Amino acid sequence: MKILHLVFHPNLETSRVNKTWKHQLQDSGKITTSRDMYAEYPDFNIDVAREHALLEAHNRIVIQFPFYWYSMTPLLKKWLDDVLTTNWAYGPQGDKLKGKDLQLILSVGGRAKFYTGFDIFTSIPDLLRPFQLTANLTQMNYLVPEWMHEADEVDDETIRHFGNKWVSMVDDPKRSEPRQFLYNEMMDDLQEVI
Ligand SMILES: Cc1cc2nc3c(=O)[nH]c(=O)nc-3n(C[C@H](O)[C@H](O)[C@H](O)COP(=O)(O)O)c2cc1C
């Protein structure tokens, strides 16, 4: 399995969580290509042909980012806007991503309870729906997303513990088995934190 690991953190040098995870995943030897996207494109001027070539050369795409304003970081949005072009990613002749896996890995500042609070009943998978819909449109296989809460508070050991979890699952072929995001699984998660 050829794995493309794209990290979209605005400043990986000052990052605690995403920097650690990037190194852990890179050092595992399981990743074919690992990239710090903000370092690649500091001016946001994305080389679309290069991105297309890299995506075509891998079969599992792992996108890692810190959760900002209940959403993705700006370069990731720009990357989606620029790279997922009509008749390449979708449209009558657009099937270049068909059958590839999309795995999201996120660091989330808020506590789990915050995302299942009683004022606004939501969840991380709900907030990630645009990615799931994008995967559907481009015929990608949307793998169950992974994340860690309290990203600014947890100690280094916890960060590394989650990093080890990502390392153990990142090349697991079983994760590619076609599946819908399981409603029951989500409800089980909610039960744990309520
Ligand atoms: C501009 C900005 C917006 C953020 N928005 C959110 C948010 O909407 N929800 C949340 O849970 N955490 C939010 N956070 C916290 C980040 O998710 C957290 O700082 C990050 O995951 C830590 O990872 P790092 O150590 O790699 O920087 C935000 C942080 C910043 C700087």
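This one's a predicted model, so the numbers in the text were calculated from it and none came from an experiment.

Visitor: How would you sum up empty space enclosed by the protein? Please name residues and give values.
Guide: What the rule picks out here adds up to 1 cavity of 30 Å³ or more. Volume-wise, the largest cavity comes out at about 90 Å³. Contributing to the lining of the largest cavity are Leu55, Ile61, Ile63, Trp79, Leu80, Leu84, Leu97, Leu102, Phe131, Thr134 and Met140. Looking at the lining of the largest cavity, the elements that each hand over two or more residues are strand E3 (60-66), helix H4 (74-83) and helix H6 (129-137). A per-class count over the lining of the largest cavity returns 10 nonpolar, 1 polar and no charged.

Visitor: Go over the pairing of E3 with me, naming the residues and quoting the values.
Guide: The side chains of a regular strand alternate between both faces of the sheet. Of all 7 residues that make up E3, 7 are buried, and the element is covered over most of its length. In E3, alternate side chains face the same way, and those of Arg60, Val62, Gln64 and Pro66 on one face and Ile61, Ile63 and Phe65 on the other are all buried. Relative to E3, strand E1 (residues 3-7) runs parallel, the two sharing 5 bridges. Note on E3: the bridge partner recorded for His5 is Val62. In this fold, E3 hands off to H4, which returns the chain to strand E4 (residues 101-107); that crossover is right-handed.

Calculation criteria
Residues numbered from 1 in each chain as written. Predicted model: local features only at pLDDT ≥ 70, side-chain atom pairs only at ≥ 80, totals over all residues. Heavy atoms only, no water. 1 Å grid on protein atoms, 1.4 Å probe; cavity = no way out; pocket = protein on both sides within 12 Å on 5 of 7 lines; lining within 4 Å. Points joined across faces, edges and corners; volume = space filled by probe spheres on them. Helix = DSSP H or I, 4+ residues; strand = E, 2+ residues; numbered from the N terminus. Nonpolar A, V, L, I, M, F, W, Y, C, P; charged D, E, K, R; others polar. Buried < 20%, exposed > 50% of the residue type's maximum accessible area, 1.4 Å probe, protein only. Pairing = 2+ DSSP bridges. Right-handed = clockwise from strand over helix to strand, strands pointing away.

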